[in-house]
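Results of the structural survey
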Amino acid sequence: MTTLETCPGCQAVLPKIENGAIHRYMTSSAGCWAIFNSLNDPDRPLAPSTFNNLIVDAYAVQHPGTPSDQTINSVAIHAMVLYGILERGFKPEQALWLRQRPGRIKSTEKHSRFHWLTPPAFASSLNVTDVANCKTPLERSELLERWIKDVWSRWSEEHGEQIGIWFERFVISERL
Ligand SMILES: [Zn+2]
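Let me begin by describing the structure that accompanies this report. This structure is a prediction, so every number in the text was calculated from the model and none was measured.

**Overview of the overall build of the protein chain**
A tally of helices and strands in the protein chain yields 6 helices and 2 strands. Beginning at the N terminus, the succession of helices and strands in the protein chain can be written as β-β-α-α-α-α-α-α. For the protein chain, the C-alpha radius of gyration of 16 Å lies close to 16 Å, the compact-globule estimate for 176 residues. For the protein chain, the C-alpha atoms occupy an extent of roughly 55 × 30 × 25 Å along the three principal directions. Residues classed as buried in the protein chain amount to 48% of the 176 residues present. Contacts spanning at least 24 positions in sequence make up 68% of the contacts within the protein chain whose residues lie at least 6 apart. As presented, the protein chain carries roughly 9,200 Å² of accessible surface, and 52% of it is formed by carbon and sulfur atoms. Across the protein chain, 18 positive and 19 negative side-chain charges occur, with their mean positions spaced 6 Å apart.

Now the structure itself:
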């Protein structure tokens, strides 16, 4: 009998992988992490879509882990990328630029600029397993976009205002 395991991030229920690899701080089940990595599998491709640039951002904020300097920074940066693109009219092609912008700040301030945001609930949210289970590249990419927007809307509802403030300060402002 297959033992099932609920992903602590996205809540997907998947067959348990004993001693499977997971990311260092984006806390997920090993099964979910394997599916995330399989999104790059050439045998099961995604259709070309600019939203493919945001997979890592949505995954990171749906698997925020527990409070630490590293997870606080990761969630803030990836949430700001989603905010910039879904709320402020930046293009998905600018995701890398958006991700790197906050790095301009002096290293001494790096760990005090953001704080932990209690993650929203992800019960019955879309997740990478839903994306991977779609039959065609086009269906996968369409669901991928819906997943990214679903994840962001949950964050936005609870923390959109704070993420917007950080975005102004650390992405838009030239005065650091
Ligand atoms: Zn997961």
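**Description of helix α1 (residues 30-38)**
Of all 9 residues making up α1, 7 are buried, and the element is well covered by its neighbours. Within the span of α1, buried status applies to A30, G31, C32, W33, I35, F36 and S38.

**Concerning the coordination of the zinc ion**
The protein atoms donating to the zinc ion are C7 (SG), C10 (SG), C32 (SG) and H63 (NE2), with metal-donor distances spanning 2.1 to 2.3 Å. Coordination at the zinc ion comes from 4 donor atoms whose angles at the metal span 104 to 118°, giving a geometry best classed as tetrahedral. Mapping the donors of the zinc ion onto the primary sequence yields the spacing C-x2-C-x21-C-x30-H. Of this pair, C7 sits in the loop between β1 (4-6) and β2 (13-15) while H63 sits in the loop between α2 (55-62) and α3 (69-86); the two residues are 56 residues apart in sequence, bridging distant segments of the chain. The two residues C7 and H63 agree in class, both being buried.

**Considerations on the packing of aromatic side chains**
Scanning the model with the defined rule gives 9 aromatic pairs in all. An angle of 25° between the planes, with centres 4.2 Å apart, marks the rings of F36 and Y59 as stacked. Of this pair, F36 sits in helix α1 while Y59 sits in helix α2, and the two are 23 residues apart along the sequence. Summarising the burial analysis for this pair, F36 and Y59 share the class buried. Consider the rings of Y83 and W152, whose centres lie 6.1 Å apart with planes at 65°: the pair is edge-to-face. One end of the pair, Y83, is in helix α3; the other, W152, is in helix α6 (residues 137-172), and 69 residues separate them in sequence. The class of W152 is buried, set by a relative accessible area of 3%. Among the aromatic residues, those joined into a cluster by ring pairs are Y83, F90, W97, W152 and F167. R113 extends its terminal NZ or CZ atom over the ring of F170, reaching a point 5.9 Å from the ring centre.

Definitions and cut-offs
Along each chain, the written sequence defines residue order, and numbers are assigned to residues from 1. The model is predicted, so local features are restricted to residues of pLDDT at least 70 and side-chain atom pairs to those at 80 or more, both for listing and for counting; the totals for chains, interfaces and linings are taken over all residues. Excluding hydrogens and water, the side-chain values take into account all heavy atoms of the structure. Put simply, DSSP H or I for four residues or longer makes a helix, DSSP E for two residues or longer makes a strand, and each gets a number counted from the N terminus. It is over C-alpha atoms that the radius of gyration is taken, and the globule rule equals 2.2 Å times the number of residues to the power 0.38. Exposed residues in this analysis have more than 50% of their type's maximum accessible area, buried residues have under 20%, and partly exposed residues fall in between, with area computed by a 1.4 Å probe over protein chains only. In what follows, residue pairs with any heavy atoms lying within 4.5 Å of each other are defined as contacts. To be clear on the numbers: accessible area is Shrake-Rupley with a 1.4 Å probe, and residue cover counts the displayed protein chains and nothing else. Charged residues are defined here as Lys and Arg on the positive side and Asp and Glu on the negative side; His and the ends of the chain fall outside this count. By convention, charge coordinates are those of NZ in Lys, CZ in Arg, CG in Asp, or CD in Glu. The donor set covers N, O and S atoms within 2.8 Å of the metal, switching to 3.2 Å for Na, K and Ca, and it leaves out water, so a site may look short of donors. A four-donor site is called tetrahedral if each angle lies between 85 and 135 degrees; a four-donor site is square planar, and a six-donor site octahedral, when trans pairs exceed 155 degrees and the remaining angles lie between 65 and 115; all other cases are labelled irregular. Two rings from Phe, Tyr or Trp (for Trp, the six-membered ring) form a pair when their centres sit within 6.5 Å of each other. Planes less than 30 degrees apart are called stacked, planes more than 60 degrees apart edge-to-face, and all others tilted. In this scheme, the term charge over a ring applies when either NZ of a lysine or CZ of an arginine sits within 6 Å of the ring centre and within 35 degrees of the ring normal.

That is the geometry; function is a separate question.
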